[in-house]
Every structure is written in C-alpha cells, then in structure tokens.
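As a plain string of letters, each chain reads:
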Amino acid sequence: MPTVDSYAQGTPCWVDLSSTDVDGARAFYAGIFGWEYAANVMSPEMTYYLATKNSGNVAGLSQQMPEMAASGIPSNWTTYLAVDNVDEAAARVTEAGGSLMFPPDEVPGNGRMVIATDSSGTPVGLWEAKGMIGSSVVNEPGAVIWNELQVDDVAAVLPFYRSVAGLEAETGPAGDMSDYTQLMVSGRSVGGALAKPMPEMPNNWTVYFNVADVDVTAAKIAELGGHVIAPPFDVSTIGRMGVFSDPQGAVFALMAGGMGA
C-alpha cells in the first residue's frame, strides 16, 4: 500500500470536496472508491468527513456553506499544496498577484490552512501540517494519484507557484502531449499543468483518482448518478483516463496506471 508520512513544500498533499449535498456525495464516493468516513464535528453547522482507505486518510468532504450556495458556487474539489509556514506563504500569494479567500486559519491539532486564488483566478489551498500531513494513502485504487493545474495560460501562472511554494517547472513530451508541464520539487515531479483541454471549463486544479479499471468505474459512476464529461481514453506510456462529475456537479478524473504511480 503506497503510504506517505511527510510532504515537501510545494507538493500537493490533500484534496477536499465542498458539496451542496455532502451526504449524497459520501454515498457516491463510497460506492465507487470504497471509502469509509470519520466524522469530525467542527461546529454545530459544520462536520468535516475524513475519507479513509485501509485506515489511512485519503480526502476530506464537507457541506458547502450556505453563503457559497447562495452565490451559485458549484460543488468542487480543492487541491492543497504543502507549505512550511502558511502565514508567510499567504503573504507571498498577494505579492505574486493572487488573493486570499479568507485569512489563514488554525485547524486545532491538525494544521494551519488558507484558501487562495492564484494569479489566474484558480482556487488552491495551502496546508501547513501540525499533526496531520494530508493524504497518507496515495497512488492506489480509491486514492489520489495526480493533481493537474488546467488554465488558459500555463506560462503566465508558473511564476506564482514558484514564488508562493517553490515549485519549479519542466515542459516537454509526456505521453501523447508534446508540451506538458511537470511541476517539480527538488527535481521530482509532483504534479502537472497544461492549457485547458476543454476551454469552456473554468481554470481549475483537477484531481485524478486511481482505479484498477476506468471503464468499469465509469459504468459505476453512471449507475450512481454521476456524469461523463470525457469518456475513457488512452494516453500512451501513461494509462487510461476519463473525466466525470459527481451527482452534485463536482468534477474529478480517473486514471489507471498513471504518472503518480
């Protein structure tokens, strides 16, 4: 079982879902990934669910706040990057042309976090571990295998991530793509970036979950009320992929094989 016990600064370390129907979402993802859940009551209005596989943390899920729903913000997955000091990283966000959605906040016993938008307007989380590193199970069926920044102009946004989290970039061939950008930490590829393959989609960090068989899981997604955005397809030397949304509209991708394996 691929497990992780620490994340270097700049590495995608956690993903969570803000859902318009967290109970429905929990049932959906349990049905396709076999997740179990641990409930953490944060306040009378807020319960944060830790999704687990083999007793290890995979992802988080929570009910969307009423003001977000009132603003028309859809259900969505957020990728978090590990940082050594979230307050210092938050200051770098604004210096690099991004903005903070709210000030840095403490999650007692677990860590310190902030949600920001990068210089392209793409939401991204920053996480300073203080007890919980993020995902402890990765790169196996039902867990995150890859995080990919999809934006209008990759070159324009890379300086933001270099400044805020120390991410470097290398662009070159990958699978069927001639100009895929690998996001690097200490010479190791930790994520990717590319010009949005579907221009109608907003700029986003796409979360890829590993599965043993994309086609079988795609059929299960449809059975459980999810939707197909891009039917399963092959990328040479990497694996088989597909893009979907859950019944509440949150977009995610599947990958069998893959760059994170």
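Keep in mind that what you see is a predicted model, and the values were worked out from it rather than measured.

Basis of the calculations
Residues numbered from 1 in each chain as written. Predicted model: local features only at pLDDT ≥ 70, side-chain atom pairs only at ≥ 80, totals over all residues. Heavy atoms only, no water. Pairing = 2+ DSSP bridges. Helix = DSSP H or I, 4+ residues; strand = E, 2+ residues; numbered from the N terminus. Expected span 1.5 Å × (residues − 1). Polar contact = N/O pair within 3.5 Å; in protein donor to acceptor, adjacent residues only side chain to side chain. Buried < 20%, exposed > 50% of the residue type's maximum accessible area, 1.4 Å probe, protein only. Arc of directions from axis to C-beta. Phe/Tyr/Trp six-rings, centres within 6.5 Å; stacked < 30°, edge-to-face > 60°. Lys NZ or Arg CZ within 6 Å of the ring centre and 35° of its normal. Salt bridge = Lys/Arg side-chain N within 4 Å of Asp/Glu carboxyl O.

A. Focus on the pairing of strand β12 (residues 177–185). As paired elements, strand β11 (residues 168–174) and β12 share six bridges and run antiparallel to each other. Within β12, the residue paired with glutamate 168 across the bridge is methionine 184. In this structure, β12 lies alongside strand β13 (residues 188–195), joined through five bridges in antiparallel fashion. Note on β13: the bridge partner recorded for leucine 183 is glycine 191. Linking β12 to β13, which pair antiparallel, is a turn of two residues; within it serine 186 sits at a positive phi near 50°.

B. Main features of helix α4 (residues 154–165). With 12 residues, α4 extends 16 Å between its outermost C-alpha atoms, agreeing within 8% with the 16 Å of an ideal straight helix rising 1.5 Å per residue. One side-chain oxygen of the residue at the start of α4 lies 3.3 Å from the amide nitrogen of alanine 155, identifying that residue as aspartate 153. Phi turns positive, to about 75°, at glycine 166, one or two residues after α4.

C. Representation of helix α1 (residues 22–33). The terminal C-alpha atoms of α1, which comprises 12 residues, lie 16 Å apart, in line with the 16 Å expected from a rise of 1.5 Å per residue. Those residues of α1 lying buried are Val22, Ala25, Phe28, Tyr29, Ile32 and Phe33. Viewed end-on, α1 has its buried residues packed into an arc of 120°, placing them on one side of the element. At the exit of α1 stands glycine 34, carrying a positive phi of roughly 75°.

D. View of the packing of aromatic side chains. The full count for this structure, using the stated rule, is 16 aromatic pairs. Considering the side-chain rings of phenylalanine 160 and tyrosine 161, the 5.0 Å spacing of their centres and the 80° angle between planes classify their relative orientation as edge-to-face. The class of phenylalanine 160 is buried, set by a relative accessible area of 2%. What makes tyrosine 161 buried here is its relative accessible area of 3%. Through a chain of ring-to-ring contacts, the aromatic side chains of Phe28, Tyr29, Phe33, Trp35, Trp77, Phe209, Phe244 and Phe252 assemble into a single cluster. The lysine or arginine in question, arginine 26, covers the ring of tyrosine 37, its NZ or CZ lying 5.2 Å from the ring centre.

E. Region of the structure containing the pattern of salt bridges. One pass over the structure, following the stated rule, counts nine salt bridges. Note that arginine 162 and glutamate 168 form a salt bridge whose closest N and O atoms lie 3.5 Å from each other. On the accessibility criterion, arginine 162 (37% relative accessible area) is partly exposed. Classification of glutamate 168 as partly exposed rests on a relative accessible area of 41%. Sharing partners across several salt bridges, the network here consists of Asp87, Glu106, Arg112 and Lys130.

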